[in-house]
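Single-letter residue listing:
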Amino acid sequence: MKKRYILPIILLALSSCSKDFLNKTDPNAVSIIQYFKSENDVLLAVNGIYQSLRSGSTVGEGSGLYSEERSDNSGRDDNQSNSGEPFQFNDFSLLAGNSYLKTHWSAMYDGIARCNTILSHIDVVNFSNPELKSRYIAETKFVRALLYFHMVRKFGDIPVSLVEITSRQQAEAIAFRVKEAEVYQQIVLDLTEALDSNLPDLQKDYAVGRTSKVAIQSLLGHVYLTMGAILPEGKQANFTKAEEYLGAAYQARPFGKLSEIPYADVFDVNMKMTNKELIFQVQYMRGDQNYHSSIARNNQARGETINSRFNSTGVGNRASKDLVAEFEPADIRKDFSVKFASSSVVNDWFITKFRDNSDAAGTNGWGGNDWILIRYADVMLLLAETKMHLGKNDEAIVLLDEVRERAGLPSYATSRQNVSYATKYPTLKDAILHERRVELAFENHRWFDLIRNFSAQELVAYFNKKDQANYGNAKLSNISEKDRLFPIPFDEYKLNPEKMYQNKGY
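Residues numbered from 1 in each chain as written. Predicted model: local features only at pLDDT ≥ 70, side-chain atom pairs only at ≥ 80, totals over all residues. Heavy atoms only, no water.

A.B. asks: Help me understand the overall build of the protein in this model?
C.D. replies: Across its full length, the protein carries 23 helices and six strands. In summary, the protein has a C-alpha radius of gyration of 23 Å against a globular reference of 23 Å for 506 residues, a match within 12%. Judged by the C-alpha coordinates and their principal axes, the protein covers about 70 × 55 × 50 Å. Across the 506 residues that make up the protein, the buried fraction comes to 57%. (Helix = DSSP H or I, 4+ residues; strand = E, 2+ residues; numbered from the N terminus. Rg over C-alpha atoms; globule rule 2.2 N^0.38 Å. Buried < 20%, exposed > 50% of the residue type's maximum accessible area, 1.4 Å probe, protein only.)

A.B. asks: Even after reading the chapter, I still don't get the packing of helix α21 (residues 446-453) against helix α22 (residues 456-464), so can you show me in this structure?
C.D. replies: The description of two packed helices rests on the angle between their axes and on the distance between the axes. As a packed pair, α21 and α22 sit with axes 8 Å apart at the nearest point and diverge in direction by 125°. With respect to their mutual orientation, α21 and α22 come out oblique. Mapping the contact onto sequence places Arg-446, Trp-447, Leu-450, Ile-451 and Asn-453 in α21 and Glu-458, Leu-459, Tyr-462 and Phe-463 in α22. Classifying every residue of the contact of α21 with α22 gives six nonpolar, one polar and two charged. (Axes fitted to C-alpha atoms, helices over the stretch in contact; angles between N-to-C directions. Parallel < 35°, antiparallel > 145°, perpendicular 65-115°, else oblique. Contact = heavy atoms within 4.5 Å. Nonpolar A, V, L, I, M, F, W, Y, C, P; charged D, E, K, R; others polar.)

A.B. asks: Please explain helix α17 (residues 393-406) as it appears in this structure.
C.D. replies: Since one α-helical turn is 3.6 residues long, residues separated by three or four positions face the same way. For α17, spanning 14 residues, the distance from its first C-alpha to its last is 20 Å, which sits close to the expected 20 Å at 1.5 Å a residue. Of the positions making up α17, those classed as buried are Ala-396, Ile-397, Leu-399, Leu-400, Glu-402, Val-403, Arg-404 and Arg-406. A positive backbone phi angle near 80° is found at Gly-408, which sits one or two residues after α17. (Expected span 1.5 Å × (residues − 1).)

A.B. asks: Please explain the nonpolar core as it appears in this structure.
C.D. replies: Nonpolar side chains in soluble globular proteins tend to end up buried together. Ranked by size, the top nonpolar core spans 114 residues in total, and within it Leu-53, Phe-142, Ile-158, Ile-187, Leu-191, Val-223 and Phe-280 carry the most contacts. Looking at which element gives the most residues to this core, the answer is helix α7 (residues 130-155), with 12 residues. Other than its neighbours up to four places away in sequence, Ile-187 contacts Ala-145, Tyr-148, Phe-149, Val-152 and Val-223. If you look at the next biggest cluster of nonpolar residues, it comprises 15 residues, including Leu-433, Leu-450, Phe-454 and Leu-459. (Core = buried A, V, L, I, M, F, W, Y, C linked by side-chain atoms within 4.5 Å.)

A.B. asks: Whenever I open this one, the side chain of Arg-70 confuses me. Can you help?
C.D. replies: Turning to its location among the elements, Arg-70 is positioned in the loop between α4 (39-52) and β1 (74-75). Classification of Arg-70 as buried rests on a relative accessible area of 0%. A polar contact is formed between the side chain of Arg-70 and the backbone oxygen of Phe-89, at a distance of 3.1 Å. Separated by 3.0 Å, the side chain of Arg-70 and the backbone oxygen of Asp-483 make a polar contact. (Polar contact = N/O pair within 3.5 Å; in protein donor to acceptor, adjacent residues only side chain to side chain.)

A.B. asks: Help me out: how do you make sense of the pattern of salt bridges in this one?
C.D. replies: Where side chains of opposite charge bring their charged atoms close, a pairing between them can arise. Summed over the entire model, instances satisfying the criterion amount to 46 salt bridges. One salt bridge in this structure joins Glu-439 and Arg-375, with 2.8 Å as the shortest N-O distance. A residue pair is termed long-range when its members are at least 10 positions apart, and Glu-439 in helix α20 (residues 428-439) and Arg-375 in strand β6 (residues 371-375) qualify at 64 residues. Taken as a pair, Glu-439 and Arg-375 share a single burial class, namely buried. Linked through salt bridges whose partners overlap, the residues forming this network are Glu-277, Glu-328, Asp-331, Arg-333, Lys-353, Arg-375, Arg-404, Arg-406, Glu-435, Glu-439 and Glu-443. (Salt bridge = Lys/Arg side-chain N within 4 Å of Asp/Glu carboxyl O.)

A.B. asks: Looking at this model, I keep getting lost on the environment of Glu-405. Mind explaining?
C.D. replies: Mapped onto the elements, Glu-405 comes out in helix α17. Here the alpha-carbon distance between Glu-405 and Arg-135, two residues 270 residues apart in the chain, equals 37 Å. For Glu-405, the residues in contact, after removing those within four places along its chain, are Lys-257 and Ser-259.

Structure representation (structure tokens):
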């Protein structure tokens, strides 16, 4: 079958291949054209795009290297293993030739390519129910938008492809960076078209782990908030749209107040199919050798048993002392999220937010934790941030207080009377950022929160104020304005240095 190209990766490897080789037919393979014949074929392909989200190289569990470890929440002290490449993300010494960066780029575009393949072939299938076709298209556009949203925030201008790439010529034609604002326009288009479908409001009314209208509204609101914060044009209009969509998602919540849902229940693997706070999650299967979650065992520190029955010999995934100090006294989220490992091998804080000590997970640590991408506390704090930008501080504080109430903390007004709180968080913006940090710790939101709220210069100033002693071996002094974005992977840049130009400073 003809080779399908994944935008625009691996072209150098293909440059030495002859056209005859590329057009050879594999007798053991089914071509894409031959594949799409029935509704079930489309369903399996849609399942495949959800499967792509499971990878730690995309946005699933384990993808914190590309977000959380870039922030002030976590990181690693080991600058030797794997040639020190993972350490570069937290150390602000990231190189364009970093192999992990290249893998992330490739995996993300592979997921996008899967979406494009479905959208390019779905019309050849006869559906007995046109609404089912509409639903599959909506799900596919949601996933594509989600992947592009992650990429544009990390890299800025990026290539955009909307159709299946079947030839080298096609791949070369679209191997150029599209301006950031245009990428956001495409994300908005995908999400607004996905919203115009017969999807149910909530995933529990469709299938847990699949998208819903509330998931689309939540993501669309998040996109508009980000556009309002970072793009120079249309700020007020973007914030207004953000309020509209985040507000619609919030109004559709299947509960009254957030305090009705205990914080620990949100991450309880036995409640993941029924928890009312969860809006969109990536599913894993407890006890299954291939599809289990490893997050509980991977976070486990030597000598500890809180996360998993797996007997860890390592340091687990560490929480920065800077984050640990961020928790207010009496915040119930601290003891649930982090723990100090006293083993001489570790002697540091590690992550305890994701646990599975069940018989089914066993000593292998084959857990059942789903990876939560969108939940209501996230939406509420995004909505609070949006209302703050619109000058609706009182409404923002109501949302902020609801999150704080569940955490066992006093209201914002009461906390403002505390000198320590008022000094650390002198503005409502600071208070919302603080609340998002402790509420959503290790859920891969922190880096995006920072780059949405701080310019490149402000980001440098923010990190330079921190105490190096709370940050481990990663050097805060390395940060510069270039670090707001990742470099374009070198193999992509060298394809066409003019069209795939490198980000400033790399």
